[in-house]
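Given next are the chains, with one letter for each unit.
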Amino acid sequence: DTEVTQTPKHLVMGMTNKKSLKCEQHMGHRAMYWYKQKAKKPPELMFVYSYEKLSINESVPSRFSPECPNSSLLNLHLHALQPEDSALYLCASSLSQGNTNYGYTFGSGTRLTVV
Amino acid sequence: GESVGLHLPTLSVQEGDNSIINCAYSNSASDYFIWYKQESGKGPQFIIDIRSNMDKRQGQRVTVLLNKTVKHLSLQIAATQPGDSAVYFCAENRGRGKLIFGQGTELSVKP
């Protein structure tokens, strides 16, 4: 298995809703990442997990809450989002935080719309 | 501030021609660079990478050139095909797993 799987593919949520994005990989990668990508813009790093522990938080607002329950799963919990948070949320993984040979393996993303 | 950027936001080429996509970076300490292809509705896909101890690296129909003197990176695609139409990003490894992406170039291939 050489894929990163993200669910759901599309999500529409209200500003008072709580929802979660899910990411899964079975490549034995020990580093996992969340990126946010606005339309026509490059991906921007949000969080880095290394061996299931949060390693980097790029000053992301607390309405985004990441969780890594095990080495294969990464979640992003969403609460009280704003319309400007609408974006493509990408999950990625790599062998380890210090080994990004061949870059990351990215999932196809969750297209989030906040209404 | 430090950034990784691309010179042209869009590039249109004829099918069969060669494409050249450029990228400028400002962090002279960067030692690893990656080119990604992103098709509509998909995540970025690894194309080719290069380390700073190299000037050139070739893959299948793609070549990456690195000029450290002027901090410039380019991606050359030979015999461009319609399936090459996508947005291309260069990315710079800043360490600790942090990849910083350039602004992207949208490649359009005319049949």
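Up top is the structure.
So, how was this worked out
Residues numbered from 1 in each chain as written. Chains lettered and ligands numbered in written order. Predicted model: local features only at pLDDT ≥ 70, side-chain atom pairs only at ≥ 80, totals over all residues. Heavy atoms only, no water. Salt bridge = Lys/Arg side-chain N within 4 Å of Asp/Glu carboxyl O. Buried < 20%, exposed > 50% of the residue type's maximum accessible area, 1.4 Å probe, protein only. Contact = heavy atoms within 4.5 Å. Buried area = accessible area lost by both parts, 1.4 Å probe. Polar contact = N/O pair within 3.5 Å; in protein donor to acceptor, adjacent residues only side chain to side chain. Helix = DSSP H or I, 4+ residues; strand = E, 2+ residues; numbered from the N terminus. Nonpolar A, V, L, I, M, F, W, Y, C, P; charged D, E, K, R; others polar. Phe/Tyr/Trp six-rings, centres within 6.5 Å; stacked < 30°, edge-to-face > 60°.

S.K.: Is there a simple way to think about the pattern of salt bridges in this case?
M.R.: Two side chains of opposite charge can pair, provided their charged atoms sit close to one another. Residues and elements named next belong to chain B. Enumeration according to the criterion identifies 10 salt bridges over all chains in this entry. The partner of Glu39 in a salt bridge is Lys42, and the shortest N-O contact between them spans 3.8 Å. The partly exposed category is assigned to Glu39, whose relative accessible area is 25%.

S.K.: What is the right way to read the interface of chain A and chain B from this model?
M.R.: Interfaces are often sized by the accessible area lost when the parts come together. In this complex, chain A contributes 22 residues to the contact, which on the side of chain B involves 21 residues. Across the chain A/chain B interface, buried area totals approximately 1700 Å², and carbon plus sulfur atoms make up 50% of it. When residues of chain A are sorted by the area they lose upon contact with chain B, Pro42, Tyr102 and Phe106 of chain A head the list and together hold 27% of the total. Along the contact surface separating chain A from chain B lie two salt bridges. At the surface where chain A touches chain B, the tally comes to nine residue pairs in polar contact (both at pLDDT 80 or more). Secondary structure elements with two or more residues in the side of chain A that touches chain B: strand 4 (31–37), strand 6 (53–57) and strand 9 (87–94) of chain A. In terms of residues, the side of chain A that touches chain B owes the most to one element, strand 4 of chain A, which gives three residues. When grouped by side-chain class, the residues that make up the side of chain A that touches chain B number 11 nonpolar, eight polar and three charged.

S.K.: Would you explain the packing of aromatic side chains in this entry?
M.R.: Geometry of an aromatic ring pair is reported as the spacing of the ring centres plus the angle between the planes. Taken as a whole, this structure holds 11 aromatic pairs over all chains when the rule is applied. Between Phe106 of chain A and Phe101 of chain B, the ring centres sit 6.1 Å apart and the planes meet at 70°, which makes this aromatic pair edge-to-face. Linking Phe106 of chain A in strand 10 (residues 105–106) with Phe101 of chain B in strand 10 (residues 99–101), this pair reaches from one chain into another. Assessed through its relative accessible area of 9%, Phe106 of chain A is described here as buried. For Phe101 of chain B, a relative accessible area of 6% gives the class buried. When the ring of Phe89 of chain B is compared with that of Phe101 of chain B, the centres are 6.1 Å apart and the planes differ by 85°; the resulting orientation is edge-to-face. Taken together, the residues span a long stretch of sequence, with Phe89 of chain B in strand 9 (residues 86–93) and Phe101 of chain B in strand 10 at a distance of 12 residues.

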